[in-house]
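Geometric and topological summary
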Amino acid sequence: MGISGKQEIEKYGVAEFVEQCKSSVFEYEKQWRELTEAIAYWTDMDNPYITLTNDYIESVWHILSDIHNKKLLYKGHRVSPYCPCCQTTLSSHEVAQGYEDVKDLSATVKFKSRDGAEIFLAWTTTPWTLPANVALAINKDLDYVRVKQNGEVYVVAKNLAEKVLKENYEILSTHKGSEFVGTAYVPPFSFSSVNKGHIIVDADYVSDSSGTGIVHTAPAHGEDDYRTCRQHGLDFVNVVNLAGRYTDQVTDYAGRFVKDCDLDIVKSLSHRNLLFAKERYEHSYPFCWRCKSPLLYYAMESWFIKTTAVKDQLIENNNKIDWYPSHLKEGRFGKFLEELVDWNISRNRYWGTPLNIWLCQDCGFEYVPTSMKDLQAMSTEPLDENLELHKPYVDDVTLRCSCGGTMERTPEVIDVWFDSGSMPFAQYHHPFGDDKLFHEQYPADLISEGIDQTRGWFFSLLAVSTLYNGKSPYKAVISTGHVLDENGQKMSKSKGNVIDPWEIIEEYGADAFRWAMLSDSAPWNSKRFSKQIVAEAKFKVIDTINNIHSFYSLYATLDHYKHEDYSYQPSVNELDQWILSRLHSTLQQVTKGLEVYDFLNPAKQIETFVDDLSNWYIRRSRDRFWSSGMTEDKVCAYQTLHEVLLTLARMIAPYAPLIAEDIYQNLHAGESVHLSDYPKVNETTIDKTLESDMETARHIVELARNIRNEIGIKTRQPLSELIISLDREFNLNRFAYIIKDEINVKEIRVEHSDSGFVTYNLKLNLKVAGKKYGKLVGPIQNHLKQLSALEAKQTVDRGFLNVNLSEEDIQLSLAELLVEKQGKQGFASASGYQMSVALHTTLTEELIQEGIVREIIRTIQDYRKKLDLPIDKRVILTLDIDAQLKEALVRFDQVLRDNVLLADVRYDKKIDMETVSIGDKQFRLHIE
């Protein structure tokens, strides 16, 4: 609008300004709607509660009227940052925008006791506030000294005496601050008189870390000052008008801007021997972000709610709330309640919910209407039923007073935090609206907002509800941390590190965005956020789930499989039993976490399950889906995957609602997944032994793969034997076929010792035992090198080794030794997960030939992909190969046919054959 400040608003027109404010409320509604829909944020944008409506305002008025009737609403002063140019107070975030480093004149002032016994020294960076001095504040528990310098006796904090007085002073006596409390003094200026004031009072905030340990107190210009004077019942003095200029009362400086008078005030003090010292003081000072004028801390007349009167009830209600994280209950929020002050409820603004207090101009009576009906009944003139309750319209309403006088509305509006705190009631127009609906929703099961709302919305909700009906408006609260950039810095446009959510959504999708936010860390921790985190969530979780769903859909379409065409039959396949067990044990942990508002650990459980489903169940079950015909086992595979996907869709719906809906609608046409019940655990399907043994089998496979990678033998090359050594029960027969297939070995055997395939080398663990054995380290190491393989193994089995060196017996514990395992000749081993495995690496001619065949199979499959053939297409394969490769293929013809969908295989030559390589050999192939 290009205007700022009280004068410009009034010149523009209050009614016109209010209309502009009203329209601005909906300025970003479209963007908000688009974003909430894009990220699948479940909120009713078509029927929102709006705080500017008459119904909402009426409920707020009703609550405030009830508080007034309880005699908890009173008029006082509030000291706020104030712009004398714009003539408006500023909020804390507005003040934060305008700090500048400046050099101001500071003064150490002499305050002479009325009995003339001593002079109290007080330091101030705002000399202009001295004409409004009412008291000196001192800390009763600090040590102060009376010192003599240049014929005068001064009082300062003991720890600051040397800093203030410099040199050539004599300490006369030491006193506790409490000894000076109540002492009267002569103020440095006499422009105003007080009935009670110009005495020394106690204040806890006074310290001996800076200044003099004595604080000049002007209640009109400091929050601590005002509170201290009010606590001690001292007079209130204000000699500065709303334009920031001295009133006529200050005869020497009347009409002048106060900050322009610092130098003259210091000169006056010096002229009257009331100045002890002066200096330029560099500090950060707030300026108005609009007009760049220096701000003043100024006491404005305000209305207060006596929240301190219900402090105990607030604390009691807070103790009934479940806080996440729990430490906030008694920590940040609890301490805030313990240090509670009365709530300043009014603001000198034009836009906002008008304060519903009417004051009689004759007798001063206060009336607070409880409803529109009440307002109409008390009005001096008939009111339009559609009266706009905002300023300036409501300002024209006058009420009848019982004394015969006329009541006019106090001009302030209500603090917006009171509006927000009234939300549980006002959104339902309580008590005038649907009472049943209100009680269905009150109190809320859970609310959630950022950590900065600890003293904002969390408090305003609790305070309003406690004041109104004595209850807490919510049962639980989650306080979320801030979203930071990838370096842990707060995002800001000036730093250029802001991440546009639309870019994230368009590139990675809303589900990945949500998953990254929910699974990266606990919601109450600040999050380091980056595109990479979202990309990882998409790749690891969302894409994997989508691929699993696509796999099912593809093969179900190829097989014309319809779930409803087959009656359910329990599967005897252990992979099916395992994945269903994993599904429900995961669901069990997820449900347990979500019930206590833990999003992080359930997300991790789901991620692990999705990996198990994709990289083990689907991969191990591919042959079942590829097989021809609808065998009983194939039907079980479809039924199992169908059940898993449906349950998974409902499980992940709160995290990834879009893909959850897609899967659910595809597999279960009908209502939305978000209207279905959250899945329940079927404990009968959970088999912990099966899960544990399958995990052991997977660990065996992982270790064996590591061996292959380390020694450079591909998995396509069959090996003769895998040996497993573990010291717990494991049903090998149950999982041998899986392990053989995964590792491509012919035989597996289990031993309870790894001595058959590894040798041990022992060294002294210098980190543990080096200092202990000192100069014997060398001889010990030599002794260990000379141990035979059998002696090394016996040492490991026994747990210690006796060594005799220089006629000294030493017993080395296993903890003092480094045990290195090395595979025996013809074996390669690896250890982990409390087991050891070994592969027999010697290759026979037969194994080599099968390995060649599997390499050929790989090239055939790659060529099929290059030709973009349907996955169920059977082909005629023609091969032009040498005698050695043909011998291998003929010998392992069944392996070829088991792995490639073939109508026929021919060994011949054709035109336009594809040339491929395996190792150092080339051959040609043709597919038709």
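Quick summary incoming for the structure in this document. These figures come from a predicted structure and were not determined experimentally. All residue numbers refer to positions counted from 1 along the written sequence of the respective chain. Note on the predicted model: pLDDT of at least 70 is required for a residue's local features to be given, and 80 or more for side-chain atom pairs to be given and counted; whole-chain, interface and lining totals, by contrast, use all residues. Note that water and hydrogens are dropped before the side-chain values are worked out from all heavy atoms of the structure.

**Side note on the overall build of the protein**
Numbering of helices and strands runs from the N terminus; a helix is a DSSP stretch of H or I covering at least four residues, while a strand is a stretch of E covering at least two. When you go through the protein residue by residue, the secondary structure sums to 31 helices and 37 strands. Rg of the C-alpha trace for the protein: 41 Å, well past the compact-globule value of 30 Å for 928 residues, more than 25% over. Projected onto its principal axes, the C-alpha positions of the protein cover 120 × 90 × 55 Å. Looking at the protein as a whole, 50% of its 928 residues qualify as buried. Contacts between residues were defined by any pair of non-hydrogen atoms, one from each residue, lying within 4.5 Å. Considering only contacts in the protein between residues 6 or more positions apart, those separated by 24 or more positions represent 73%. Surface accessibility follows the Shrake-Rupley procedure with a 1.4 Å probe radius. Residue values consider only the protein chains on display as shielding. Of the roughly 46100 Å² of accessible surface on the protein, a fraction of 47% belongs to carbon and sulfur atoms. In this tally Asp and Glu are treated as negative and Lys and Arg as positive; neither His nor the chain ends contributes. Working definition for charges: the position is that of NZ of Lys, CZ of Arg, CG of Asp or CD of Glu. One finds the centroid of the 104 positive side-chain charges in the protein at a distance of 4 Å from the centroid of its 135 negative side-chain charges. Here the radius of gyration uses the C-alpha set of atoms, whereas the globule reference equals 2.2 Å times the residue count to the power 0.38. Buried, partly exposed and exposed residues are distinguished by accessible area as a fraction of the type maximum, computed with a 1.4 Å probe on protein chains only: under 20%, between the cut-offs, and over 50%, respectively.

**Regarding the nonpolar core**
One finds Leu641, Leu722 and Ile739 to be the most contacted residues of the largest nonpolar core, which totals 84 residues. Of all the elements, helix 19 (residues 531-558) adds the most residues to this core, at 11 residues. Each residue touching Leu641, except ones within four places of it in the same chain, is listed here: Ile548, Phe551, Tyr552, Leu613, Tyr617, Ile618 and Phe625. Counting residues in hydrophobic clusters, the runner-up holds 61 residues, among them Ala137, Val155, Val194 and Leu274. In this description, a nonpolar core means a group of buried Ala, Val, Leu, Ile, Met, Phe, Trp, Tyr and Cys residues linked to one another through side-chain atoms lying within 4.5 Å.

**What to know about the pattern of salt bridges**
What makes a salt bridge here is a side-chain nitrogen of Lys or Arg within 4 Å of a carboxyl oxygen of Asp or Glu, nothing more. All told, the structure shown has 49 salt bridges when counted by the stated rule. Its salt-bridge partner being Lys176, residue Asp143 comes within 3.1 Å of it at the nearest N-O pair. Here Asp143 is found in strand 6 (residues 143-149), whereas its partner Lys176 is found in strand 8 (residues 170-176), with 33 residues between them in sequence. The class of Asp143 is partly exposed, set by a relative accessible area of 31%. Between Asp559 and Lys634 there is a salt bridge whose closest N-O contact spans 2.8 Å.

**Observations regarding the sheet that holds strand 34 (residues 875-880)**
Paired strands, as defined in this entry, are two strands with at least two bridges between them according to DSSP. Spatial ordering of the open sheet is given by 35-34-37-36, a layout of four strands whose pairing is mixed. In this open sheet, the two edge strands, each paired with only one partner strand, are strand 35 (902-907) and strand 36 (914-918). The mean inter-strand angle of the sheet, taken between neighbouring strand axes irrespective of direction, is 30°. Contacts from helix 29 (residues 845-866) reach strand 34, strand 36 and strand 37 (921-927) within the one sheet, and its direction differs from that of strand 36 by about 140°. Whenever a helix is involved, its axis is fitted only over the stretch in contact; in every case the axis is a line through C-alpha atoms, and angles between N-to-C directions fall within 0 to 180 degrees.

**A closer look at the sheet that holds strand 32 (residues 827-832)**
Each strand in a sheet pairs with another by means of backbone hydrogen bonds, the pair being arranged parallel or else antiparallel. Read from one edge of the open sheet, four strands run 27-26-33-32, paired in mixed fashion. The outermost strands of the open sheet, each flanked by one partner alone, are strand 27 (745-751) and strand 32. Between one strand and the next, the sheet's axes are offset by a mean angle of 20°, whatever the strand orientation. Pairing of strand 26 (residues 719-726) with strand 33 (residues 835-840) involves six bridges; the strand directions are antiparallel. In the strand pairing of strand 33, Leu726 is matched with Met835. Helix-sheet contacts for helix 25 (residues 732-743) involve strand 26, strand 27 and strand 33, and the interaxial angle to strand 27 is about 135°.

**Observations regarding the packing of aromatic side chains**
Any pair of Phe, Tyr and Trp rings, taking the six-membered ring for Trp, is counted once the centres come within 6.5 Å. Such a pair is stacked with planes under 30 degrees apart, edge-to-face with planes over 60 apart, and tilted for the rest. For the coordinates displayed, the defined rule picks out 36 aromatic pairs. Measuring from centroid to centroid gives 5.9 Å for Tyr285 and Phe287, while their planes differ by 75°, and the two rings are edge-to-face. Phe287 carries the same exposure label as Tyr285, and that label is buried. Seen in terms of ring centroids, Trp515 and Tyr655 are 5.1 Å apart; in terms of plane orientation they differ by 45°. Their pairing is tilted. Taken as a pair, Trp515 in helix 18 (residues 510-519) and Tyr655 in the loop between helix 22 (632-652) and helix 23 (657-667) lie far apart in primary sequence, 140 residues in all. An aromatic cluster of three or more residues is present, and its members are Phe551, Tyr552, Tyr555, Tyr561, Tyr566, Phe625 and Tyr638.

**A short note on a nonpolar patch on the surface**
Residues Leu554, Leu558 and Ile871 make up a contiguous nonpolar surface patch of roughly 220 Å² in combined accessible area. Here Ile871 lies in the loop between helix 29 and strand 34. The partly exposed category is assigned to Ile871, whose relative accessible area is 40%. In this scheme, patches are assembled from residues that exceed 30% relative accessible area and form no salt bridge. Like charges are connected within 9 Å, while nonpolar side chains (Val, Leu, Ile, Met, Phe, Trp, Tyr) are connected within 5 Å.

**Let's talk about the packing of helix 18 against helix 21 (residues 600-626)**
The relative placement of two packed helices comes down to the angle between their axes together with the axis-to-axis distance. Here helix 18 crosses helix 21 at 125°, and the two axes come no closer than 8 Å. Considering their axes alone, helix 18 and helix 21 lie oblique with respect to each other. Contact residues: Trp515, Leu518 and Ser519 in helix 18; Leu600, Ala603, Lys604, Ile606 and Glu607 in helix 21. Considering only residue class, the contact of helix 18 with helix 21 consists of five nonpolar, one polar and two charged. Reported orientations rely on four angle classes, namely roughly parallel under 35 degrees, roughly antiparallel over 145, roughly perpendicular from 65 to 115, and oblique for the rest. Under the convention adopted here, Pro, Cys and the residues Ala, Val, Leu, Ile, Met, Phe, Trp and Tyr are nonpolar, Asp, Glu, Lys and Arg are charged, and Gly plus all remaining residues are polar.

**Section: unusual backbone geometry**
Cis geometry is adopted by the peptide bond preceding Pro392, which originates at Lys391 and carries an omega value of 0°. Secondary-structure assignment places Pro392 in the loop between helix 12 (372-378) and strand 19 (398-400). The phi angle at Ala40 is positive, at roughly 55°, despite the residue not being glycine. In this fold, Ala40 is placed in the loop between helix 3 (29-38) and helix 4 (54-69).

**Concerning helix 29**
Spanning 22 residues, helix 29 covers 32 Å between terminal C-alpha atoms, matching the ideal 32 Å at 1.5 Å per step. At the exit of helix 29 stands Asp868, carrying a positive phi of roughly 55°. By this rule the span expected of a helix is its residue count minus one, scaled by 1.5 Å.

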